[in-house]
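Residues per chain, in single letters:
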Amino acid sequence: MAALKQLFKQIQGKKSGRIDKKWDFKSGSQIISPPLMDFDEEKDVILFGTKDGKLCCLDSNGKMLWKFNIEEKQDKIMELFEDSETTKSITTRPVFWDINRDGRKEVLFGSDSGSLYCLNATGKLLWSFKTKGPIHSRPELFVDVNEQNIVFGSNDGKLYVVDEQGKLKWHFDANSAVESSPVVFSDQGRSVIVFGTAEGDIFCITSKGRELWRFRAGGIVTAKPAVGNIYGTNDKYIVLGSFDKFLYALDMNGNLEWKYETEGSIRSEATLCDFNGDGKLEIVFSSCDNRVYCLNCNGDRVWSYETDFWVVDSPIVADIDNDKRLEIMFGSYDASVYFLDSEGEFMMNYIPGVSNVMMQSGHFSDDITTDPGKYSAKKLWQYSLGGIVVGGSINVKTKELVFATKDGSICLLAHKKE
Amino acid sequence: MAEAEKYEIKRIKTYIEGLDENMQGGIPDGHIVLVRGSAGTMKSSLCFNILYNECISGKNGLYISLEQSTKSILKHIVNMRFDMGKVNLVEITDIAKLSAQLTDVKKSNKGNLVMCDIGAIRKQVKGMELGPSADWLNTIKNIVKKMKESGELALFVLDSLSALYVLSKFDNPRASLFHIFEYLRDLEVTTLIISETRPKRADAGDSVSHGQFDVEDFLADGIILLELAERQRKVTRELSVVKMRATNTNIDVWTLEFKNGKFKVLYGGQPPLL
């Protein structure tokens, strides 16, 4: 009977199944950064940082594997001048990568203490690198002349590049806090790094630290730039948002291609994906106007979905129910996790050929040139977590999702077939 | 717990004769109250009076002065005939000894009156390179927190909010104030915040804001206003309780007197006898 029901839904184009919570874990500390779900030696792990300076590692069943406490030796006098509640806060998603190429992954993360930390897969400190300001930027790894490098920004106004042992290679003076996570990609055969600053500058520099160009947005940039061939051609474009409420698309020379205005700050990375198979990339991103937007490659709105509060973290795009259609998942500060259909749904305003009989005014030509409707977001499921949803991550193998809430909970959600 | 007990409000007396009985017994526990007035209206003395009397009854109090040195305050206080022998007075002028001094607070069997001289501490750290996120506001928050960790903190007096605006980096003053008030509320410490006003002018009109950023009045649970009134060249101090949440308070303007080491209010709602 259940199988028949599912078949009927499939024929109708409706989604089947539901979202279940597999477990939740109470960390006992506030969480203000999104978690990361990844794997190490075939075992799935969940990594997250807390407001009081702990980096925690859970297994796929929600059991604590290990915990690392940030301990910064500080002069007692200096300690008095720091905000004791946030002085060691971890505000970005950790990185889990084999940094030193020893076959095991390491954990990289920054903290309000001003240090970038590197731990091994069992939570032991390997090295740390100190800057003069809080680190809110997520490190990025890149290889340059066979050397593994780590690039990240600091609120002291610099972009740093260190080697796999945490030794400084060079830094770039951005003269403004760098909270944005940098992106590294290849352009015309060379590696370039793009990142934003608190002054609103979007810099493009070489992998040796030479400035190529900069673009001035109208507000703070904390989002990591997304890079992709949005038109389906060989040309890459850089897409990122700013606190000035705009999402910008720039070409490889830093020229503005287009911009789209929302009603709230854009704080996190946009996701570029081809939802409809036309070879061009759609752009999905969140805004503090409570909405998630989907734009086409020309910067026109395809659909948007409004929640009841800010959406801060990047939406996740994946086919979680294995129906060969992509879904979009994201958490909102309204305490819910939303699951949307990536293509939205086309809502008819009127039925062509029938409605114009009822019209009393207007040109006949309007009837044949005006779209009979528009795309709207299509919500598939909504799951309430009971707390401000800070962000989430997906296990690409199992399609399970982990979300963190500000009150310190981590929970695992999964799609369950009926 | 019976409903009535659940909502019963504990109060801290103002120790101002004639006022507590017009305020249902005093200031509700945990309230954040602005004590506002122009220079010479005895704001600091009034707040100290409350703190001192609470400490005599065995409780702990904290007075943080941002402008005036504790030495100067104490000279003034002794002159007003407050007997400092009745409390355990702890003066904090050396930041390096702060933790040790606050730990000793636990050992005293008298009420502890802790006075923190931020001016002296500022001299101490002058020339030192503080971190980029270093802020005097953090110092105040940390001292209050440490004091609370050392034992029950009944009352905290901040002298003054105007000085804090000067010392702290308020990039977004309204947001920063909101966070300060929220922090104090979370600590559940009854707080008196001294705030300067300019002397009342005849052409000022009826509308009065009790804060530099027009937001302090809304954030505070209570406002006690002190003013100087001149009548036929005689100047009297006046007090009114402009606002006090959870209190059925008499909002008349009172004449404020200090005699024989005690504060008193008189002639509420009536012209004072001349």
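Report on the accompanying structure. (Residues numbered from 1 in each chain as written. Chains lettered and ligands numbered in written order. Predicted model: local features only at pLDDT ≥ 70, side-chain atom pairs only at ≥ 80, totals over all residues. Heavy atoms only, no water.)

**Brief notes about the interface of chain B and chain A**
How big an interface is tends to be stated in terms of accessible area lost as the parts join.
Then step 1. With 19 residues of chain B at the contact, the number on the chain A side is 11 residues.
Then step 2. At the surface where chain B touches chain A, the tally comes to zero salt bridges.
Then step 3. Across the contact surface, chain B and chain A share three residue pairs in polar contact (both at pLDDT 80 or more).
Then step 4. Its residues placed into classes, the side of chain B that touches chain A shows nine nonpolar, five polar and five charged. (Contact = heavy atoms within 4.5 Å. Salt bridge = Lys/Arg side-chain N within 4 Å of Asp/Glu carboxyl O. Polar contact = N/O pair within 3.5 Å; in protein donor to acceptor, adjacent residues only side chain to side chain. Nonpolar A, V, L, I, M, F, W, Y, C, P; charged D, E, K, R; others polar.)

**Description of empty space enclosed by the protein**
Then step 1. Scanning the entire structure with this criterion turns up two cavities of 30 Å³ or more.
Then step 2. In this structure, the largest cavity occupies an estimated 70 Å³ of space.
Then step 3. Lining the largest cavity are Leu-137, Ile-140, Lys-141, Val-144, Phe-156, Leu-158, Leu-164, Ile-180, Tyr-183 and Leu-184 of chain B.
Then step 4. Broken down by secondary-structure element, the contributors of at least two residues to the lining of the largest cavity are helix H6 (136–150), strand S8 (155–159) and helix H8 (173–187) of chain B.
Then step 5. The element contributing the most residues to the lining of the largest cavity is H6 of chain B, with four residues.
Then step 6. In this structure, the second largest cavity encloses a volume near 30 Å³.
Then step 7. In terms of lining, the second largest cavity is formed by Asp-313, Ser-314, Ile-316, Met-329, Phe-330, Gly-331, Gly-391, Gly-392 and Phe-403 of chain A.
Then step 8. Top contributing element to the lining of the second largest cavity by residue count: strand S27 (residues 327–331) of chain A, with three residues.
Then step 9. When its residues are assigned to classes, the lining of the second largest cavity shows four nonpolar, four polar and one charged. (1 Å grid on protein atoms, 1.4 Å probe; cavity = no way out; pocket = protein on both sides within 12 Å on 5 of 7 lines; lining within 4 Å. Points joined across faces, edges and corners; volume = space filled by probe spheres on them. Helix = DSSP H or I, 4+ residues; strand = E, 2+ residues; numbered from the N terminus.)

**Considerations on the environment of Gly-299 of chain A**
Residues and elements named next belong to chain A.
Then step 1. Relative to the helices and strands, Gly-299 resides in the loop between strand S24 (291–295) and strand S25 (301–306).
Then step 2. Judged by its relative accessible area of 9%, Gly-299 is buried.
Then step 3. Distance in space between the C-alpha atoms of Gly-299 and Leu-247 is 8.8 Å, their sequence separation being 52 residues.
Then step 4. If sequence neighbours within four positions are ignored, Gly-299 has contacts with Trp-258 and Tyr-260. (Buried < 20%, exposed > 50% of the residue type's maximum accessible area, 1.4 Å probe, protein only.)

**Observations concerning the sheet that holds strand S12 (residues 158–163) of chain A**
All names here are of chain A.
Then step 1. Pairing in this open sheet of four strands is antiparallel, and the strands run S10-S11-S12-S13 from one edge to the other. Single-partner strands in this sheet number two, and they are strand S10 (140–144) and strand S13 (168–173). Taking each pair of neighbouring strands and ignoring which way they run, the sheet shows an average axis angle of 25°.
Then step 2. In terms of strand pairing, strand S11 (residues 147–153) meets S12 through five bridges, oriented antiparallel. Considered in S12, the bridge of Gly-153 is made with Leu-159. (Pairing = 2+ DSSP bridges. Axes fitted to C-alpha atoms, helices over the stretch in contact; angles between N-to-C directions.)

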